[in-house]
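Structure at a glance
Given next are the chains, with one letter for each unit.
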Amino acid sequence: MKRYTLEEANQLLPVLSKEFDSLHNLQREFDLWYESFQQVEPQLNAEEKAAWEKRIQFMELEAEMFISNILSHGVWFEDAFSSTLHFPAILNGEKGVFKWHPEEPVITVYESMEESLDSLHLVN
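Residues numbered from 1 in each chain as written. Predicted model: local features only at pLDDT ≥ 70, side-chain atom pairs only at ≥ 80, totals over all residues. Heavy atoms only, no water.

1. Side note on the overall build of the chain
The line we're drawing: Helix numbers and strand numbers start at the N terminus; a helix is a DSSP run of H or I with at least 4 residues, a strand a run of E with at least 2. Here the radius of gyration uses the C-alpha set of atoms, whereas the globule reference equals 2.2 Å times the residue count to the power 0.38. Only protein chains enter the area calculation, which uses a 1.4 Å probe; residues under 20% of their type maximum are buried, those over 50% are exposed, and those in between are partly exposed. Here, two residues are considered to be in contact whenever any of their heavy atoms come within 4.5 Å of each other. Calculation of accessible area relied on Shrake-Rupley with a 1.4 Å probe; when residues are assessed, cover is drawn exclusively from the protein chains displayed.
Counting its secondary structure elements, the chain contains 2 helices and 5 strands. Each helix and strand of the chain, ordered N terminal to C terminal, gives the series α-α-β-β-β-β-β. A compact globule built from 124 residues should have a C-alpha radius of gyration of about 14 Å, whereas the chain, at 19 Å, is more than 25% larger. Across its three principal axes, the chain shows a C-alpha extent of roughly 65 × 30 × 25 Å. For the chain, the residues scored as buried account for 31% of the 124 residues in total. In the chain, of all internal contacts separated by at least 6 residues, the share reaching a separation of at least 24 is 39%. Surface exposure of the chain reaches about 8200 Å², of which carbon and sulfur atoms provide 53%.

2. Overview of the packing of aromatic side chains
The relative placement of two aromatic rings is captured by the distance of their centres and the angle of their planes. For the record, the criterion: Here a pair means two rings of Phe, Tyr or Trp (six-membered ring of Trp) with centres within 6.5 Å. Their orientation is stacked below 30 degrees between planes, edge-to-face above 60, and tilted elsewhere. By the criterion adopted, a ring carries a charge over it if an Arg CZ or a Lys NZ lies within 6 Å of its centre and within 35 degrees of its normal.
Under the counting rule described, the total for this entry stands at 9 aromatic pairs. Among the aromatic residues, those joined into a cluster by ring pairs are Phe 30, Trp 33, Tyr 34, Phe 37 and Trp 52. Taking NZ or CZ as reference, Lys 2 lies 4.8 Å from the ring centre of Tyr 4, over its face.

3. Remarks on unusual backbone geometry
The residue Asn 92 is not glycine, and still its phi comes out positive at about 55 degrees. With respect to the element layout, Asn 92 can be found in the loop between strand S2 (85-91) and strand S3 (94-100).

4. Observations concerning the pattern of salt bridges
Heads up, the condition is: The term salt bridge refers to a pairing of a side-chain nitrogen on Lys or Arg with a carboxyl oxygen on Asp or Glu at a separation within 4 Å.
Following the criterion strictly, the structure yields 6 salt bridges and no others. Residue Lys 2 pairs with Glu 8 through a salt bridge whose shortest N-O separation is 3.3 Å. Relative accessible area serves as the criterion here: at 43%, Lys 2 is assigned to the partly exposed category. Given a relative accessible area of 31%, Glu 8 falls into the partly exposed group. The shortest N-O distance in the salt bridge between Arg 55 and Glu 29 comes to 2.6 Å.

5. Looking at a nonpolar patch on the surface
Using the following cut-off: Exposure above 30% relative accessible area and no salt bridge define the residues that can form patches, which grow by joining like charges within 9 Å and nonpolar side chains of Val, Leu, Ile, Met, Phe, Trp and Tyr within 5 Å.
A cluster of nonpolar side chains, Met 1, Ile 67, Leu 71, Trp 76 and Met 113, forms an exposed patch at the surface whose accessible area comes to about 520 Å². For Met 1, the position within the fold is in the segment before helix H1 (6-40).

6. Some details on the nonpolar core
Applied cut-off: Here, nonpolar core means buried Ala, Val, Leu, Ile, Met, Phe, Trp, Tyr and Cys residues that are tied together by side-chain atoms lying within 4.5 Å of each other.
Core analysis: the largest hydrophobic core is formed by 16 residues, its most contacted members being Leu 16, Leu 85, Phe 87, Phe 98, Trp 100 and Ile 107. Every element with two or more residues in this core is listed here: H1, S2 and S3. The element that contributes the greatest number of residues to this core is H1, accounting for 5 residues. With near-sequence residues (within four places) excluded, Leu 16 lies in contact with Ile 70, His 73, Leu 85, Phe 87 and Trp 100. Core analysis: the next-biggest nonpolar cluster, separate from the first, contains 9 residues, Leu 23, Leu 44, Met 59 and Ala 63 among them.

Following this line, the structure appears as structure tokens:
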């Protein structure tokens, strides 16, 4: 498993930010599109409905691709409902994780895995 230094992890943020931006744009597009679908669904015939459903499936595949691109760097999401990423890390020779949320310009939190330390804030 790759462990990131703080510098390496911060250098990866532009790549990850781009994937998050694409994922969030897709989510907004999906929300608008699905709202439209719900309005017209009662009037659709089976063929038209199938076309709309294919679009839903395509958007799901796109979302999976963006998520896969993010995870391909050896990072993981904090939980199923959070955009916060965990980076396997080494700080001062100690194993832990850096935590980053896409709204932050740089990584600011480190949690040690070797000691029972609370989060260490890297930037004040």
